[in-house]
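Observations on the model geometry
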Amino acid sequence: MVETRETLPIPTTMLRDTREQRPWEFEGFPVETHDVTLSVGDYAVPAHCTRDPERDTYHPRFAVERKSGHDFLTALTWERDRFKRELQRAVQWTQPLPVVIETSWQTLLCNRGCMAWRDIHPNQVTGTVAAWSQQYNVAFHFTETRRRAQLCAFLLLVRHSLLRQLDDSSHVSNKTQ
């Protein structure tokens, strides 16, 4: 008996929010980016978005939020309320909003890098990450470099897209049986 497998296409287009300050270019990745306004997150796959033509805004059902180490610490302190509102917009999603941070967990805990100049204790970072992971539909991903963060985001978006396609195809095959 020969097993046949259906191959699922990976997404070739990613949407990037126009408000991104230091956007990822995804150089060397098999994908092109289009700059649009996203209601949640910084990067999304078009197939998982609905578009509001009146506001020219895309509303993703899954997206990735990018944060540099400095941006992340600002989101925990000075812009805490704004960032919590962003997290709240993804609370109804079936999958957590991935927040990909361009600095390692070890850097934050050891008061190095972006932490060296901040008046925030590593315990505050740990407590906030733990509390928000339980309170909101969010998953934090800490990476050592900007390039690794970009790869992490790409893989998260591709994985979600492939899982959605598998789920959709299983629903179709169940209906035809």
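One can find the structure itself at the top, above this paragraph.
Keep in mind that what you see is a predicted model, and the values were worked out from it rather than measured.

1. Considerations on the overall build of the chain
If you tally the helices and strands in the chain, you get five helices and eight strands. Starting at the N terminus, the α and β elements of the chain follow one another as β-β-β-β-β-β-α-α-β-α-α-β-α.

2. Quick look at the side chain of S104
Turning to its location among the elements, S104 is positioned in the loop between β7 (97-101) and α3 (105-109). Looking at S104, its side chain comes within polar contact range of the side chain of T107, at 2.7 Å. For S104, the contacting residues outside a window of four places in its chain are F142, T143 and E144.

3. A few points about unusual backbone geometry
For F26, which is not glycine, the phi dihedral falls at a positive 55°. Tracing the sequence through the fold places F26 in the loop between β1 (13-17) and β2 (32-38). The exposure class assigned to F26 is buried, which follows from its relative accessible area of 1%. For D56, which is not glycine, the phi dihedral falls at a positive 50°. Among the structural elements, D56 can be located in the loop between β4 (49-52) and β5 (57-60). For D56, a relative accessible area of 43% corresponds to the partly exposed category.

Parameters and conventions
- Residues numbered from 1 in each chain as written.
- Predicted model: local features only at pLDDT ≥ 70, side-chain atom pairs only at ≥ 80, totals over all residues.
- Heavy atoms only, no water.
- Helix = DSSP H or I, 4+ residues; strand = E, 2+ residues; numbered from the N terminus.
- Polar contact = N/O pair within 3.5 Å; in protein donor to acceptor, adjacent residues only side chain to side chain.
- Contact = heavy atoms within 4.5 Å.
- Buried < 20%, exposed > 50% of the residue type's maximum accessible area, 1.4 Å probe, protein only.

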